[in-house]
Amino acid sequence: MRFRHPDGSTVHLSYCTNVHPAETLDGVLAQLRDHCEPVRRRLGRDRLGIGLWLARDAARTLTTDASSLRALRAELDRRGLEVVTLNGFPYEGFGADEVKYRVYQPDWTRPERLAHTTDLARILAALLPEDVTEGSVSTLPLAWRTPFDARAAALARAALTTLAGRLDALEDLTGKSIGIGLEPEPGCVVETVADAVTALDPLPGPRIGVCLDTCHLATSFEDPRTALDALAAGGIPVPKAQLSAALHAEHPHLPEVREALAAFAEPRFLHQTRTRTAAGLRGTDDLPQALGTAARAAAPGLPEALAAAGGHDAGPGLPDATPWRAHFHVPLHAPPAPPLASTLPVLRDAVALLVGGAHPRTHHLEVETYTWQALPPDRRPRTRARLADGIAAELTLARDLLTDLGLKELP
């Protein structure tokens, strides 16, 4: 979906296909047929933007077989779909029964991450619509916080610098400018926007910036204006923003609230949980840990015991005298029933600051609710049709936010 900003520029709105995980190109093509086109039809649009998630195997096929890339581009056109952004955070296995800590591998200390992100940038340059010259790719915020030392930081920095040079060469070759956004996430080396400002000083290149995810922003209790002002002061671009809402519990000490939260403590994804105390921000790596029902979520491939650092509690239980927020992407249009809520107000404030001013801070907005099938059983969509209905409703809410800010929806 495209919108004309009052300054005359185009703002793109899409939804991320990591909600329909597929590891192969055939799986991606099936997504377009079974999910993306039905969402477009529900919205009554001739054209719908999608933020593609391309797993390692799918990306490898597209970079080694030019005919496959042409076929994907043709299939997008045939189904009324367009791509200006890719989600490059998960590398593979995002549809596994248990993802948890695996989603952070390989990190930016590993050559596979640089190679994969380079491939994604090249693929996106070929998929961009003819009248679009700028694309964006979101990526993980360097690495999970442990183990990560000075040597790891140097390796990650060198990889980003190499990537910046490759992006320059890609633009020289194709005329397409691809921006990369580190996506701050609780528990990672770059957990907050403040961490991103530090990590990106000095910038490895003008196309390396931040992907602002409003669920992650809210989970860490960051103020949108403060965060965006810090990025502006640091000269750090925002290639894309992900529109998402976190789980909010105003009174986590109440038994009925804890019972409601426990329904969201599921085994597939990591649900980092945070609270603000007089001593600062405190957090746990997962919701069961915060509730005291599990000592720690399993961390395959990582040490069994991670040292507590930077306000992250190693033991079970989280202080419950102040509100909690959990990294659980809840549907934008359907917040959880009381006594829980969502952080949709944070999303609204962030969108107003991102695109409600004289000029947009970003031109790429992506709805990213990938947890539909991780919701409590009574809230999960049971059919493809119900899922398409939900995604269309989320996009409708986002569209209304933009038009209320004075943006004009384009055909």
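Note that the structure is a prediction, hence the values are computed from the model and not measured.

A.B. asks: Before we go on, may I ask you to explain the pairing of strand S9 (residues 245-249) in this structure?
C.D. replies: Burial runs high along S9: 5 of the 5 residues are buried. Bridge count between S9 and strand S12 (residues 324-330): 4 bridges; the pairing is antiparallel. Counterpart to Ala-249 in the pairing with S12 is Trp-324. Relative to strand S13 (residues 340-342), S9 runs antiparallel, the two sharing 3 bridges.

A.B. asks: Help me understand the side chain of Thr-273 in this model?
C.D. replies: Relative to the helices and strands, Thr-273 resides in strand S10 (residues 273-277). Polar side-chain contacts of Thr-273 include one of 3.0 Å to the backbone oxygen of His-271. Look past the residues within four positions of Thr-273 in its chain and what remains in contact with it is Arg-282, Gly-283, Thr-284, Asp-286, Leu-287, Ala-290, Leu-318, Trp-324, Arg-325 and Ala-326.

A.B. asks: I tried to follow the layout of surface pockets on my own but got confused; where do I start?
C.D. replies: Gaps between atoms show up when a probe of the same size as a water molecule is rolled over them. Put simply, the largest pocket is a space of about 310 Å³. Lining the largest pocket are 15 residues, and of these Glu-134, Gly-179, Pro-237, Val-238 and Pro-239 lie nearest its centre. Mapped by element, the contributors of at least two residues to the lining of the largest pocket are strand S5 (134-139) and strand S6 (177-182). Considering each element in turn, the lining of the largest pocket owes the most residues, 3 residues, to S6. Here the lining of the largest pocket is built from residues that sort into 6 nonpolar, 6 polar and 3 charged.

A.B. asks: Sorry if this is basic, but what is going on with the sheet that holds S12 here?
C.D. replies: In sheet architecture, strand pairing relies on hydrogen bonds along the backbone and comes in two forms, parallel and antiparallel. The sheet built from 5 strands is open, its strands ordered S11-S10-S12-S9-S13 with antiparallel pairing. Either end of the sheet is taken by a strand with one partner, and the two such strands are strand S11 (280-284) and S13. With direction set aside, neighbouring strand axes in the sheet form an average angle of 30°.

Cut-offs and rules
- Per chain, residue numbering runs from 1 following the sequence as it is written.
- For a predicted model such as this one, the threshold for reporting local features is a pLDDT of at least 70, and the threshold for listing and counting side-chain atom pairs is 80 or more; totals across whole chains, interfaces and linings nevertheless cover every residue.
- Values reported for side chains reflect all heavy atoms of the structure, with hydrogen atoms and water molecules removed beforehand.
- For every residue, the accessible area obtained with a 1.4 Å probe (protein chains only) is divided by the maximum for its type, and the residue is called buried under 20%, exposed over 50%, and partly exposed between those limits.
- Secondary structure elements are taken from DSSP: a helix is a run of H or I of four residues or more, a strand is a run of E of two residues or more, and numbering for both begins at the N terminus.
- Strands pair, by our definition, only if DSSP identifies at least two bridges between them.
- A 3.5 Å cut-off defines polar contacts: any pair of N or O atoms within that distance qualifies, except that in protein one atom must be a possible hydrogen donor and the other a possible acceptor, and neighbouring residues in sequence count only when both atoms are side-chain atoms.
- The contact criterion used is simple: two residues touch if any of their non-hydrogen atoms lie within 4.5 Å.
- Only protein atoms enter the 1 Å grid used here. Points where a 1.4 Å probe fits but cannot escape make up a cavity, open sets with protein on both sides within 12 Å along at least five of seven lines make up a pocket, and a residue lines them when an atom lies within 4 Å of a point.
- Grid points are joined across faces, edges and corners, and a volume is the space filled by probe spheres set on the points.
- Any residue that is not Ala, Val, Leu, Ile, Met, Phe, Trp, Tyr, Cys, Pro, Asp, Glu, Lys or Arg is counted as polar, Gly included; the first ten are nonpolar and the last four charged.
- The axes are straight lines fitted to the C-alpha atoms, using for helices just the contacting stretch, and the angles between their N-to-C directions are given from 0 to 180°.

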